[in-house]
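# Commentary on secondary and tertiary structure
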Amino acid sequence: MNRQDRQRQKLAELHQQWQDLSDRVEAIVQQLGVTTDAEQKLVLDKRRQALEAERDGLELQIQRLEEALGIIPEAPPASARHIGPLLAEIPQAAPGPIKARWALLVGVNHYVDPAFPALKYCVNDVLALEKTLKGLHYTVVTLHDKATEERLLPTRDNVEAELARLCQVAGPDDLLWVHFACHGKLVDGQPVLITCETRAPTLVRKALPLAEVERTMRGGKARRLALTLDACHTGVEIGRDLADPEFIRNAYELAEGFALIAASTAQQIAQEWDEKEHGVFTYYLLEGLSGQADQAGKGFVTVGDLATHTLDGLRRWNVEHGGLLQEPTARTDGMGDMILADHRENPPGVPLLSKRSNSVTANPFGDRGRINDPVRFFDRQRLVREIQQLLVSSCCVSLVGPSEIGKSSLLYYLYLTREQWLPHMLVEYFDLQRILDEEDFCETILARLGQPGHELRDLKRALEGSRVVLLLDEIEQLAEPQFHPRLHDLLRSLAQEPTLAMVVATQRPLVDVFPPSGKTSPFHNVFTTKKMDPFTPAEACAFLKHRLKDTGVIFTIDEMDDLIARSNSHPAYLQIAAYQLFNAKLL
């Protein structure tokens, strides 16, 4: 069998693997369409994302082999990832009472472009709203520019990704609420929302159109949708193109449809309130959700209640502050007046308490994203020791594992404990998702080393004269077009010196991330590969017991076995499932 025959055989195997993964993704999509349990949906959605990431890696391998064989690829079958149309075909039953509540909150105080002035209280707004909604049994995702995790920064990519994920997870009888506190602007007569990385010269292409947010929300399964906009500094136009407000005051429990409440019109400015350290609109929104908007004593707050309360509050505020006009605008379509805050089981001001005591019990499974406290970093000690030993010997390490497996947490643990295992050498951690381009990469590394400059020659000079370990998270960023291959060559060359060692974290093997060019030695061959896999069942069981210690809550053996089976021992999925079970045991 010659080389070309072997390549064709390999290509056939890859196509079969791709099809198998697609079948598994499609099966999960079908499960998402019929599952009503919110916790199970989160687990299934995480599993779907992991399979899609694996399939994406296969697609790259297939593309390279087809190019090598001179094959013109056929259009691939419809990807199971595009599940909007699939879910839309599922027949919808009559609406029932709300089963689960989901919220996406976005707050932006600071922008990379000085053309958009900094705001004061948008982050305060969403953090306060997050606390309120969690107390009302919402599952909340909050993006803001003070977040320490890259995926929780309020960029357009993150907003679109989290919104798409929640739209997939929320079921037909669920409620999805999306709230923005940020700059807004009219572009060609259409309202757009300005995320933190938006720049004025590319505003038309990069800002987030309000119509796109609404379109994505309507494309999901949830039939109860609420969108609130505190578009600080610049009003959001919801006038002529949107219907006048028409709130129906019956069928509260079965109400469904789309409701939008915005802080102001395009001719007005959404104000900030220094005394309260909130946007004026969000302040009255929070006040209304606390129960003050329920004037009829029903025990719950509806869209209509909230719109009326914020309108009345803003009118009073206008009078008290010199007549500055800011009047919320609203519209609804659908049937009924949706319940946004239900206080019938938990009256306003009464926190959820453990049945075992009179104190609030913190859920120990609340970690999301990178773990920043070394005390909470669990197990992985064998892998940690192996990496430490390699670094002490000035060897470079490639850490490979699927999304959310804990690579960022491990790298950050190495950084936080550096004084214990490598006290005489500089160890620095970098999240490369924050890096914009090659110049930014050089400038960031040099600044951490206490050196001036922003060019490759400056980086070369500084690294040649330093004893340093670089922990580079999300190094896939360096494979983007704005990073020249000479950067890869420089890092590879310097890594062969005893003064520099690196740990790089990727979802795919380095050889796939940085394919050999044939002109220079490949980037990957100076690295020792270490795989990061899910917990073993025994490790997962030990993790659950460790987190439950001193909480007074007990998971039975059957419950732990069920959590481990449903999550496949994946740390992130295991935490999500355990979080829900822990909360259920407190109620």
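It should be emphasised that the depicted structure is a prediction, and the values quoted were computed from it without experimental measurement. (Residues numbered from 1 in each chain as written. Predicted model: local features only at pLDDT ≥ 70, side-chain atom pairs only at ≥ 80, totals over all residues. Heavy atoms only, no water.)

### Here's the deal with the packing of helix 17 (residues 537-548) against helix 18 (residues 557-567)
Between helix 17 and helix 18, the shortest axis-to-axis distance is 10 Å and the interhelical angle comes to 125°. In terms of orientation, helix 17 and helix 18 fall into the oblique class. The interaxial crossing formed by helix 17 with helix 18 has right-handed handedness. In this structure, helix 17 uses Pro 537, Ala 540, Cys 541, Leu 544 and Lys 545 to contact helix 18, whose residues at the interface are Met 560, Leu 563 and Ile 564. The residue makeup of the contact of helix 17 with helix 18, split by class, is 7 nonpolar, no polar and 1 charged. (Axes fitted to C-alpha atoms, helices over the stretch in contact; angles between N-to-C directions. Helix = DSSP H or I, 4+ residues; strand = E, 2+ residues; numbered from the N terminus. Parallel < 35°, antiparallel > 145°, perpendicular 65-115°, else oblique. Left-handed = near helix turned anticlockwise from the far one by under 90°. Contact = heavy atoms within 4.5 Å. Nonpolar A, V, L, I, M, F, W, Y, C, P; charged D, E, K, R; others polar.)

### Looking at the sheet that holds strand 15 (residues 468-473)
One open sheet accounts for 5 strands, arranged 14-15-16-13-17; its pairing is parallel. On the outer flanks of this sheet lie strand 14 (426-431) and strand 17 (527-531), each paired with one strand and no other. In this sheet, neighbouring strand axes are inclined to one another by 15° on average, regardless of whether the strands run parallel or antiparallel. Taken together, the 5 bridges between strand 13 (residues 396-400) and strand 17 define a ladder with parallel strand orientation. What sits directly across from Leu 399, in strand 17, is Lys 530. (Pairing = 2+ DSSP bridges.)

### Overview of the confidence of the model for the chain
Looking at the chain, the pLDDT average stands at 78 and 77% of residues meet or exceed 70. Across the chain, element-level confidence peaks in strand 13 with a mean pLDDT of 95 and bottoms out in helix 3 (residues 84-88) with 25. Per-residue pLDDT stays below 50 along residues 72-94; that stretch engages in 25 contacts with residues further than four places along the chain or on separate chains. Residue range residues 232-256 is modelled with pLDDT below 50. Its contacts to residues more than four positions away, or to other chains, number 81 contacts. (pLDDT = per-residue confidence, 0-100.)

### Remarks on the environment of Leu 416
Residue position: Leu 416 is located in helix 11 (residues 407-416). For Leu 416, a relative accessible area of 32% puts it in the partly exposed group. For the pair Leu 416 and Glu 428, spaced 12 residues apart in sequence, the C-alpha to C-alpha distance is 9.5 Å. Discounting residues that sit within four places of it in the chain, Leu 416 has contacts with Asn 372 and Pro 374. (Buried < 20%, exposed > 50% of the residue type's maximum accessible area, 1.4 Å probe, protein only.)

### Describing the nonpolar core
Across soluble globular proteins, nonpolar side chains show a tendency to be buried alongside one another. Judged by nonpolar contacts, the single largest core of 67 residues is most densely connected at Leu 133, Tyr 138, Leu 176, Trp 177, Phe 180 and Leu 340. Here this core gets 8 residues from one element, more than from any other, and that element is strand 3 (residues 175-187). When neighbours within four sequence positions are excluded, Trp 177 is seen to be in contact with Trp 102, Ala 103, Leu 104, Leu 133, Tyr 138, Ala 226, Thr 228, Leu 285, Leu 289, Leu 306 and Leu 340. Residues Phe 430, Leu 491, Leu 494 and Phe 523 belong to the second largest nonpolar core, which totals 33 residues. (Core = buried A, V, L, I, M, F, W, Y, C linked by side-chain atoms within 4.5 Å.)

### Some words on the pairing of strand 4 (residues 190-194)
Most of strand 4 sits out of view: 4 of its 5 residues are buried. Both strand 3 and strand 4 contribute to a ladder of 5 bridges, which runs antiparallel. Note that in strand 4 the partner of Lys 185 across the bridge is Val 192. Note that strand 4 and strand 5 (residues 208-209) share 2 bridges and pair antiparallel. What sits directly across from Val 192, in strand 5, is Pro 209.

### Some words on helix 4 (residues 122-135)
Between its terminal C-alpha atoms helix 4 stretches 20 Å, which fits the 20 Å expected from 14 residues at 1.5 Å a residue. Of the residues making up helix 4, those classed as buried are Cys 122, Val 123, Asp 125, Val 126, Leu 129, Glu 130 and Leu 133. Across the axial projection of helix 4, the buried residues extend over an arc of 150°, all falling on one side. Two residues or fewer past helix 4, His 137 is found with a positive phi of approximately 75°. (Expected span 1.5 Å × (residues − 1). Arc of directions from axis to C-beta.)

### Thoughts on the pattern of salt bridges
Under the definition given, this model contains 19 salt bridges. With a closest N to O distance of 3.4 Å, Arg 223 and Asp 173 form a salt bridge. Placement of the pair is Arg 223 in the loop between helix 7 (210-219) and strand 6 (224-232) and Asp 173 in the loop between helix 5 (156-169) and strand 3, with a sequence separation of 50 residues. Comparing Arg 223 with Asp 173 shows no difference in burial state: the two are buried. The closest approach of N and O atoms between Lys 530 and Glu 386, which form a salt bridge, is 3.2 Å. With Lys 530 in strand 17 and Glu 386 in helix 10 (residues 381-392), this residue pair connects regions lying 144 residues apart in the sequence. Residue Glu 386 is classed as partly exposed on the basis of its relative accessible area, which comes to 25%. One network of salt bridges, with partners in common, ties together Arg 156, Glu 160 and Glu 212. (Salt bridge = Lys/Arg side-chain N within 4 Å of Asp/Glu carboxyl O.)

### As for the side chain of Asp 113
When you line up the elements, Asp 113 lands in the loop between strand 1 (101-107) and helix 4. As a buried residue without a salt bridge, Asp 113 has its nearest oppositely charged side chain in Arg 199, at a separation of 5.4 Å. Among the polar contacts made by the side chain of Asp 113, one reaches the main-chain amide nitrogen of Ala 115 at a distance of 2.9 Å. Here the side chain of Asp 113 touches Ala 200 through a polar contact of 2.7 Å, landing on its backbone nitrogen. Those residues in contact with Asp 113 that sit more than four places away from it in its chain are Thr 198, Arg 199, Ala 200 and Pro 201. (Lys, Arg positive; Asp, Glu negative; His and termini not counted. Polar contact = N/O pair within 3.5 Å; in protein donor to acceptor, adjacent residues only side chain to side chain.)

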